[in-house]
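# Structural overview
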Amino acid sequence: MPERIPVVEKILSANDRLALENQARFEVARVFAINIMASPGAGKTSLIEQTVRGLAGRLRVGMINGDIATSYDADRAQAAGATAVQINTGGACHLDAGMVRSALGQLNLADLDLVIVENVGNLVCPADFKLGTHQSLLVASIPEGDDKPYKYPGMYRGVDAVVINKIDLLPYVPFRMDFFKQGIEVLNPGVVQFELSCRTGEGLPAWLDWLERQVQTFKTA
Ligand code: MG
Ligand code: ZN
């Protein structure tokens, strides 16, 4: 069905245009934005909670949460101290730039330094939709298994950083860290990686310091 290809290209380029508009809004407001992607249950929301708490007094954080049906995750981010906006995707398995644009209408960017976008839990199509964020982060976790870079190369290839969450479970779960990291290295050589546990707090400071540095570098550029 060759006639289908141009339609898909048009949808993607319309999304890219909206993503550029979103990015322009972030630039004008001097707000750094990061898109967090992961499979369901990897710990995106836990990482965001810990990040909001850890950066309290250092950065003003807003959060846009994409969820298929609930607002639990936005509520958790709000409880941690973020200004949070919920997008219910109505069943869609990824965020697109238009959804983020709607959410931006509900955030006062002038009061923020950092916007964290929590994408829908899914390791496939979120990678295909630019949102207008400056960087993207993939959250992997030990219980998911060490084969994920090999199974979802599109996701690992495009991200700016990888968080490996739930390292407190390493003694209990078969997970070959070397094998996992080899997979990442082939797809995304030299990508920044953080091994941490949102539950115990181990490894969180390095992630927080890196993220704060990204924001400060952006703001002073
Ligand atoms: Mg979540
Ligand atoms: Zn999707």
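Everything in this summary refers to the structure shown in the same document. (Residues numbered from 1 in each chain as written. Chains lettered and ligands numbered in written order. Predicted model: local features only at pLDDT ≥ 70, side-chain atom pairs only at ≥ 80, totals over all residues. Heavy atoms only, no water.)

## Considerations on the coordination of the zinc ion (ligand 2)
Quick note on the threshold: Atoms are scored as donors when they are N, O or S and lie within 2.8 Å of the metal, with 3.2 Å used for Na, K and Ca; no water is included, so coordination may look incomplete. Burial here depends on accessible area, computed with a 1.4 Å probe over protein chains only, as a share of the maximum for the residue type. Under 20% is buried, over 50% is exposed, and the range in between is partly exposed.
Coordination of the zinc ion (ligand 2) by the protein comes from C93 (SG), H94 (ND1) and C125 (SG), over a distance range of 2.0 to 2.2 Å. Here C93 falls in the partly exposed class, since its relative accessible area comes to 34%.

## What to know about the sheet that holds strand β6 (residues 161-165)
Note the cut-off: We call two strands paired when DSSP finds no fewer than two bridges between them. By the criteria applied, helices consist of DSSP H or I runs no shorter than four residues and strands consist of E runs no shorter than two, each listed in order from the N terminus. Geometry is summarised by axes, namely lines fitted to C-alpha atoms with helices restricted to the contacting stretch, and by angles between N-to-C directions that run from 0 to 180 degrees. Whether two residues touch is decided by their heavy atoms; if any such pair falls within 4.5 Å, the residues are in contact.
Pairing is parallel in the open sheet, where seven strands are placed in the order β3-β2-β4-β1-β5-β6-β7. Every other strand in the sheet has two partners, leaving β3 (83-88) and β7 (192-195) as the edge strands with one partner each. The mean angle between the axes of side-by-side strands here comes to 20 degrees, regardless of whether they run parallel or antiparallel. In this sheet, strand β5 (residues 135-141) lies alongside strand β1 (residues 32-38) in parallel orientation, the contact comprising five bridges. In the sheet register, N35 faces β5, and the bridge partner there is S136. On the sheet, helix α3 (residues 72-80) packs against β2 (61-67), β3 and β4 (114-118) and is oriented at approximately 165 degrees with respect to β2.

## A few points about the layout of surface pockets
To keep things clear, this is the line we draw: Method remark: on a 1 Å grid restricted to protein atoms, a set of points is classed as a cavity if a 1.4 Å probe fits but cannot get out and as a pocket if it is open with protein on both sides within 12 Å along at least five of seven lines; lining residues have an atom within 4 Å of a point. Grid points are joined across faces, edges and corners, and a volume is the space filled by probe spheres set on the points. Under the scheme applied here, ten amino acids are nonpolar (Ala, Val, Leu, Ile, Met, Phe, Trp, Tyr, Cys and Pro), four are charged (Asp, Glu, Lys and Arg), and all others, including Gly, are polar.
Its boundaries defined by the atoms lining it, the largest pocket holds a volume of some 330 Å³. For the lining of the largest pocket, the secondary-structure elements that each account for two or more residues are α1 (4-29), β1, β5 and α6 (153-158). Residue contributions to the lining of the largest pocket peak at four residues, all from α1. The class makeup of the residues in the lining of the largest pocket is nine nonpolar, nine polar and four charged. In this structure, the second largest pocket spans a volume of roughly 200 Å³. Sorting the residues of the lining of the second largest pocket by element identifies α2 (44-54), β2 and α3 as the ones contributing at least two each. Class assignment for the residues of the lining of the second largest pocket results in four nonpolar, nine polar and five charged.

## As for the pairing of β2
In terms of residue burial, β2 counts as a mostly covered element, since seven of its seven residues are buried. Covered by surrounding structure in β2 are V61, M63, N65 and D67 together with G62, I64 and G66, the residues of both alternating faces. Sheet topology note: the β2/β4 ladder contains five bridges and is parallel. Paired with M63 across the strands is I116, a residue of β4. Of the strand pairs in this sheet, β2 and β3 are connected by six bridges, and their pairing is parallel. Bridge pairing links I64 to V85 in β3.

## Some words on the nonpolar core
What counts, and what does not: Buried Ala, Val, Leu, Ile, Met, Phe, Trp, Tyr and Cys residues form a nonpolar core when they are joined through side-chain atoms within 4.5 Å.
Formed by 33 residues in total, the largest nonpolar core has its most connected members in L47, L114, L137 and W207. Elements with a minimum of two residues in this core: β1, α2, β2, α3, β4, β5, β6 and α8 (204-220). Ranked by the residues each element gives to this core, the list is headed by α8, at seven residues. Once residues within four sequence positions are removed from consideration, W207 is found in contact with I34, L47, T51, L137, V163, F194 and L196.

## Overview of the coordination of the magnesium ion (ligand 1)
Note on metal geometry: ideal angles are 109.5 degrees for four donors arranged tetrahedrally and 90 or 180 degrees for six donors arranged octahedrally. Distances from the magnesium ion (ligand 1) to its protein donors, T45 (OG1), D73 (OD) and E118 (OE), fall at 2.0 to 2.1 Å. In terms of primary sequence, the donors binding the magnesium ion (ligand 1) are separated according to T-x27-D-x44-E. With D73 in helix α3 and E118 in strand β4, the pair connects residues that are 45 residues apart, well separated along the chain. Residue classification places D73 among the buried residues on the basis of a relative accessible area of 15%. For E118, a relative accessible area of 2% corresponds to the buried category.

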